[in-house]
Amino acid sequence: SYEEMAPRLAYLLLHFTQHTYLVNSILSDAYAACTNLQSRTTVFNELMRSIDWGRISIFSFGGGPAADVVGVLMWLHRFGFQTKVQAAMADTCKQWEATTNSVFKMMQFESEDDNAKPTPQQKYTHNLWKRLDGGIKYFNSSLKSPTTLFKSGSKEMIAIGQADIITLPFALSSVADAPETSNALQ
């Protein structure tokens, strides 16, 4: 359970970077495949159209500390896209919101010393943070109770409907032993 600080910190230390690079790598491979096609008739077209418009939206089911959002930010930076990102998360653990806000605050690099120069890593993370438009909206929801998550007209459904990218890190493992698994997957 990530309700306690120790497991959340352990996840950040052990898996956050790996998860961000995995998302970055997957998007990079998909982008390379898309740009090598002459007709560009792929599912990636809609995402590329949103990138051309300068704004994309991400929704993450069970995204916890937003590593998938950082992975998307890294991918945009890698290919020089000047796109703003809106992000929303649905997670069962309410505490991830405060933890993630702390992570993104560190990415802003605000020094009390006017003479302090940011390191290359601080410049990089600050540039990633600048692309995030309005922080991350958190919803305390679960795929195990899809009736509340997918209620017509809910804030969650509106965010899902607007998403260009939907991620499900660890979501399937959380519904695997639930009796209503097929409903949750649908």
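Just so it is clear, the model here is predicted, and its values are computed rather than measured. (Residues numbered from 1 in each chain as written. Predicted model: local features only at pLDDT ≥ 70, side-chain atom pairs only at ≥ 80, totals over all residues. Heavy atoms only, no water.)

A short note on helix H2 (residues 44-53)
For an α-helix, 3.6 residues make a turn, and residues three or four places apart therefore share a direction.
Link 1 in the chain: Buried within H2 are the following residues: Phe44, Asn45, Leu47, Met48, Ser50 and Ile51.
Link 2 in the chain: Positioned one or two residues after H2, Gly54 has a phi angle of 90°, which is positive. (Buried < 20%, exposed > 50% of the residue type's maximum accessible area, 1.4 Å probe, protein only. Helix = DSSP H or I, 4+ residues; strand = E, 2+ residues; numbered from the N terminus.)

Quick word on helix H4 (residues 96-107)
Link 1 in the chain: Compared with an ideal rise of 1.5 Å per residue, which puts 12 residues at 16 Å, H4 spans 17 Å between its outermost C-alpha atoms and is within 8% of the ideal.
Link 2 in the chain: Immediately downstream of H4, the backbone of Phe109 shows phi near 45°, a positive value. (Expected span 1.5 Å × (residues − 1).)

Some thoughts on unusual backbone geometry
Link 1 in the chain: Here Ala66, not a glycine, exhibits a phi torsion of approximately 70°, which is positive.
Link 2 in the chain: Among the structural elements, Ala66 can be located in the loop between strand S1 (55-61) and helix H3 (67-78).
Link 3 in the chain: Overall, the relative accessible area of 0% leaves Ala66 in the buried class.

What about the nonpolar core?
Link 1 in the chain: Counting 36 residues, the largest nonpolar core has Val69, Trp75 and Ile136 as its most contacted members.
Link 2 in the chain: Taken together, the elements giving at least two residues each to this core come down to helix H1 (5-35), H2, S1, H3, strand S2 (84-91), H4 and strand S3 (132-140).
Link 3 in the chain: Of the residues forming this core, the biggest block, eight residues, is contributed by H3.
Link 4 in the chain: Formed by eight residues, the second largest nonpolar core is a distinct cluster that contains Phe59, Phe61, Ala90 and Ala159. (Core = buried A, V, L, I, M, F, W, Y, C linked by side-chain atoms within 4.5 Å.)

So, the sheet that holds strand S4 (residues 165-167)
Link 1 in the chain: Judged by pairing direction, the sheet is parallel, and its four strands sit side by side in the order S3-S2-S1-S4 without closing on themselves. Two strands lie at the open edges of the sheet, namely S3 and S4, each paired on one side alone. Shown here is a sheet whose adjacent strand axes are inclined to one another by a mean of 15°, direction ignored.
Link 2 in the chain: Of the pairings in the sheet, the one linking S1 to S4 comprises three bridges and is parallel in character. The partner of Ser60 across the bridge, within S4, is Thr167.
Link 3 in the chain: In the packing of helix H7 (residues 155-162) onto the sheet, contacts are made with S1, S2, S3 and S4, and the angle to S1 comes to roughly 130°. (Pairing = 2+ DSSP bridges. Axes fitted to C-alpha atoms, helices over the stretch in contact; angles between N-to-C directions. Contact = heavy atoms within 4.5 Å.)

Points about the side chain of Thr167
Link 1 in the chain: Position of Thr167 among the secondary structure elements: in strand S4.
Link 2 in the chain: Its relative accessible area of 13% is what places Thr167 among the buried residues.
Link 3 in the chain: At 3.1 Å, the side chain of Thr167 forms a polar contact with the side chain of Ser60.
Link 4 in the chain: For Thr167, the residues in contact, after removing those within four places along its chain, are Phe59, Ser60, Phe61 and Asp68. (Polar contact = N/O pair within 3.5 Å; in protein donor to acceptor, adjacent residues only side chain to side chain.)

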